[in-house]
Amino acid sequence: MSRTAPSGSVVAAMALFATGLWFVTFYLTFSTFWIKISLSALSLATLSVWIQPDSLRSLSLHLTTVLLGLVSASALYLIFWTGKLVSTSLFSFAGDQIGSIYAKGQGTPLWVIFLLLFFVTGPSEEIFWRGFLQKQLIERFGGLRGWMLATAIYAGVHIWSFNFMLIGASAVAGAFWGLIYWRTGNLALVIVSHSVWSAVVFALLPIP
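Residues numbered from 1 in each chain as written. Predicted model: local features only at pLDDT ≥ 70, side-chain atom pairs only at ≥ 80, totals over all residues. Heavy atoms only, no water.

### Concerning the pattern of salt bridges
So, step 1. Evaluation of the coordinates by the stated rule reveals two salt bridges.
So, step 2. The partner of glutamate 126 in a salt bridge is arginine 130, and the shortest N-O contact between them spans 2.6 Å. Taken together, the positions of glutamate 126 and arginine 130, both in helix 5 (residues 110-141) and four residues apart, correspond to about one turn of that helix. Of the two residues, glutamate 126 and arginine 130, both sit in the buried class.
So, step 3. Put simply, glutamate 139 and lysine 135 hold a salt bridge, and the shortest N to O gap is 2.8 Å. Here glutamate 139 pairs with lysine 135, and both are found in helix 5, just four residues apart, close to one helical turn. (Salt bridge = Lys/Arg side-chain N within 4 Å of Asp/Glu carboxyl O. Helix = DSSP H or I, 4+ residues; strand = E, 2+ residues; numbered from the N terminus. Buried < 20%, exposed > 50% of the residue type's maximum accessible area, 1.4 Å probe, protein only.)

Following this line, the structure appears as structure tokens:
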């Protein structure tokens, strides 16, 4: 049985809850970062599906979707590779801040990071950030403004890292996946893209 569309206050509460979870994940130092981000993303995805149960009913993987997801993940990898070259040449702090992002994985086996990103964090983040939050914002404010607002919130919650490069990277990635979802409405596509990209960047082939 389907529920009525969530109210604006529920959407706002979910955004605030995400902000709190990202505070716990990035600012507080207890536990392992990759466990915290996975549990945070999974919590948001679970709640969003409970609030908006129709969101996953049309989710299906087709060969074209998988191929487009792989192509888009590759394109984003090239964007970040270029972005690192440019940022490190412009900002003296860029290299250290990028290094500190990768340092969050210290002490965690790469295979664990890969599995968490590919099967938990990547899918869960897209279910919430694009499939729920951006979808609700677009329905309320229109395509362009909804996409921009969702991107701003996604980047904004990363402020708890106090890492300029990570906030900027989140804005780029959020805008990229958000644009794909806005124009295609294909949640499976962005799930594949996000899961593959993050697993490669953080576990298989870090950007040099």
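Here the narrative resumes, following the displayed structure.
### Side note on the environment of alanine 75
So, step 1. By the secondary structure assignment, alanine 75 is in helix 3 (residues 63-90).
So, step 2. Spatially, the C-alpha atom of alanine 75 lies 16 Å from that of leucine 204, the residues being 129 residues apart in sequence.

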